[in-house]
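Coordinate inspection notes
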Amino acid sequence: MGALPFIGNLAGDRPTNLGVKAGQLAPCPDSPNCVVSQGTEAAEHAIAPLTYSGESAQVMVKLTEIVKAMPRTTIVEATDNYLYAEFASKLMGFVDDVEFYLDPAESVIQVRSASRLGKSDLGVNRQRVEAIRQALQSA
């Protein structure tokens, strides 16, 4: 590991545009390493929100449990209607920022998953959201 310090900070800096503002998660940047369920995004960025049934408080607890159980995950913020987690890649420690917003107006959980650095994520953000969707539906 002594030879790796020259690479620099592969985690990147935490974005300043995260969170829910006027009922919306931030849009995706132009790079193809992000998916979001809100807004009029290009097809490469668009993903369906997570659907749920039952009490919203219980759904957020279950969602938090699912996310916590995923490898290399850090929960940064968790409230009754918002969850923000960081996911680090196994090999190099690249960080993806993943947000969930329980949208009472739409009765869904809006989601945004974006890589901090680089251009391509090889579909990792979309795959992660779909794995969480499947786990939530199975719960």
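Our subject is the structure that appears above.
The text that follows walks through the structure, step by step, so that each part is easy to find. From a predicted model like this one, the values you see are computed outputs, not experimental measurements.

With that out of the way, let us pick up the overall build of the protein chain. Of the regular secondary structure elements, the protein chain holds two helices and five strands. For 139 residues, the compact-globule estimate of 2.2 N^0.38 gives 14 Å, and the C-alpha radius of gyration of the protein chain, at 15 Å, lies within 12% of that figure. With the C-alpha coordinates of the protein chain rotated into their principal frame, the extents come out at 50 × 30 × 25 Å. Scored against the burial criterion, the 139 residues of the protein chain give a buried share of 40%. Residue pairs in contact within the protein chain that sit at least 24 positions apart in sequence constitute 50% of those at least 6 positions apart. For the protein chain, the computed accessible surface area is about 7,800 Å², with 56% contributed by carbon and sulfur atoms. Across the protein chain, the 12 positively charged side chains and the 16 negatively charged ones have centroids separated by 7 Å.

A contiguous nonpolar surface patch, about 390 Å² in accessible area, is contributed by Leu91, Met92, Phe94 and Leu117. Within the secondary structure, Phe94 is located in the loop between strand S3 (82-88) and strand S4 (95-103). Residue class for Phe94 comes out partly exposed when judged on its relative accessible area of 34%.

Within this structure, the stated rule accounts for six salt bridges. Note that Arg133 is salt-bridged to Glu130, the shortest N-O span being 2.7 Å. Highlighted residues: Arg133 and Glu130, both in helix H2 (residues 124-138), separated by three residues, approximately one helical turn. Take Arg133: its relative accessible area is 13%, and that puts it in the buried class. Residues joined by salt bridges that share partners form a network here, namely Arg14, Glu86, Asp97 and Arg116.

We now examine the sheet that holds S3. Strand order in this open sheet of five strands is S1-S5-S4-S3-S2, and the pairing throughout is antiparallel. Both edges of this open sheet fall to strand S1 (34-36) and strand S2 (73-78), since each of them pairs with a single strand only. Each strand axis lies, on average, 15° off the axis of its neighbour in the sheet, ignoring direction. Sheet topology places S4 next to strand S5 (residues 108-115); eight bridges connect them, and they run antiparallel. Bridge assignment links Leu102 to a residue of S5, and that residue is Ile109. Lying over the sheet, helix H1 (residues 56-68) contacts S2, S3, S4 and S5, oriented at roughly 10° with respect to S3. Packed onto the sheet, H2 meets S1, S3, S4 and S5 and runs at close to 150° relative to S5.

Moving on, we get to the nonpolar core. Counting 19 residues, the largest nonpolar core has Leu50, Leu63, Val67, Phe100, Ile109, Ile132 and Leu136 as its most contacted members. The greatest single-element share of this core, amounting to five residues, is contributed by H1. If near-sequence neighbours (up to four positions away) are discounted, Leu136 is found in contact with Leu50, Thr51, Val59, Lys62, Leu63, Ile66 and Ile109. The next biggest cluster of nonpolar side chains, apart from the first, holds five residues, and it includes Leu25, Tyr82, Tyr84 and Tyr101.

Reading guide: rules and limits
Residues numbered from 1 in each chain as written. Predicted model: local features only at pLDDT ≥ 70, side-chain atom pairs only at ≥ 80, totals over all residues. Heavy atoms only, no water. Helix = DSSP H or I, 4+ residues; strand = E, 2+ residues; numbered from the N terminus. Rg over C-alpha atoms; globule rule 2.2 N^0.38 Å. Buried < 20%, exposed > 50% of the residue type's maximum accessible area, 1.4 Å probe, protein only. Contact = heavy atoms within 4.5 Å. Areas by Shrake-Rupley, 256 points an atom, 1.4 Å probe, with all protein chains shown as cover. Lys, Arg positive; Asp, Glu negative; His and termini not counted. Charge placed at Lys NZ, Arg CZ, Asp CG, Glu CD. Patch = residues over 30% accessible without salt bridge, like charges linked within 9 Å, V, L, I, M, F, W, Y side chains within 5 Å. Salt bridge = Lys/Arg side-chain N within 4 Å of Asp/Glu carboxyl O. Pairing = 2+ DSSP bridges. Axes fitted to C-alpha atoms, helices over the stretch in contact; angles between N-to-C directions. Core = buried A, V, L, I, M, F, W, Y, C linked by side-chain atoms within 4.5 Å.

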